[in-house]
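Below are the chains, spelled out letter by letter.
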Amino acid sequence: SQQGEEDPQALSIQEGENATMNCSYKTSINNLQWYRQNSGRGLVHLILIRSNEREKHSGRLRVTLDTSKKSSSLLITASRAADTASYFCATGRSYNTDKLIFGTGTRLQVFP
Amino acid sequence: DVKVTQSSRYLVKRTGEKVFLECVQDMDHENMFWYRQDPGLGLRLIYFSYDVKMKEKGDIPEGYSVSREKKERFSLILESASTNQTSMYLCASWGSPGNTIYFGEGSWLTVV
């Protein structure tokens, strides 16, 4: 069953612009994670935010979490062509990662 | 650098064949996972293992089995491959609760 749903499904922007992706989920969570996947490759972890955190930064990435709205957003600032990839949110309903459920992803295209 | 290695990157098998997908991790992780990824469906958990010789069904275990004889190795078995099992298969491992998952590069399986 799908827990996280990313929005939009696809996003195209120019280099230098900011990219914002959203994730909504259904049940209460312990943490939410964002992953990146280059075309045809495995997923790479970007950032984890716990349910008691509201915002987290890592380099050009900013993640927010609103547990009252059951939603999270990933902002990539000053995007680069190399940021072109699919981005997935994954939610953990407990400390057991067997409950880590992935969304369907946002495909980001950054044009040079 | 942490590593999850999937032995086969691309496979083509015939309907009815038995298929083995191998995954090895070098991080001494207890937990290992098999996902399949299909367009529009995101990642779906097939099976996971939290210890040697232990396994649990994920969301879509039908048609699959797994083997975990050694801590570093987690195998996915398709007893009798069918065309609807054509997909990308991702292996992952995880060491600690609430932390990140490390993925392999994926195995593209085509069943003809």
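Keep in mind that what you see is a predicted model, and the values were worked out from it rather than measured.

Calculation criteria
Residues numbered from 1 in each chain as written. Chains lettered and ligands numbered in written order. Predicted model: local features only at pLDDT ≥ 70, side-chain atom pairs only at ≥ 80, totals over all residues. Heavy atoms only, no water. Helix = DSSP H or I, 4+ residues; strand = E, 2+ residues; numbered from the N terminus. Buried < 20%, exposed > 50% of the residue type's maximum accessible area, 1.4 Å probe, protein only. Contact = heavy atoms within 4.5 Å. Pairing = 2+ DSSP bridges. Axes fitted to C-alpha atoms, helices over the stretch in contact; angles between N-to-C directions. Disulfide = S-S within 2.5 Å.

As a further point, take the side chain of His29(B). Residue and element names in this part refer to chain B. Locating His-29 in the fold gives a position in the loop between β3 (19–25) and β4 (31–38). Among the residues examined, His-29 registers a relative accessible area of 10% and is labelled buried. Excluding anything up to four places from it in sequence, His-29 contacts Arg-68, Lys-71, Ser-93, Trp-94, Gly-95 and Tyr-102.

All names here are of chain A. A sheet is described by the order of its strands in space; here five strands give the open sequence β1-β3-β8-β7-β6, paired in antiparallel fashion. Looking along the sheet, the strands with just one partner apiece sit at the ends: β1 (5–7) and β6 (55–58). The sheet shows a mean angle of 20 degrees between the axes of neighbouring strands, taken without regard to direction. Here six bridges tie strand β3 (residues 19–24) to strand β8 (residues 71–76), and the two strands are oriented antiparallel to one another. Opposite Asn-22, over in β8, you have Ser-73 as the bridge partner.

Attention shifts here to the state of the cysteines. Using the criterion set out here, one finds two disulfides over all chains in the structure. The disulfide partner of Cys23(A) is Cys89(A), and the S-S distance across this bridge is 2.0 Å. Taking the sign of the S-S torsion, 65 degrees for the link of Cys23(A) and Cys89(A), the bridge is right-handed. Within this pair, whereas Cys23(A) is found in strand β3, its partner Cys89(A) is found in strand β9 (residues 85–92), the two being separated by 66 residues in sequence. Taking the relative accessible area as the measure of exposure, Cys23(A) reaches 1% and is therefore buried. The buried category is assigned to Cys89(A), whose relative accessible area is 0%. Note on cysteine connectivity: Cys23(B) is disulfide-linked to Cys91(B), with sulfurs 1.8 Å apart.

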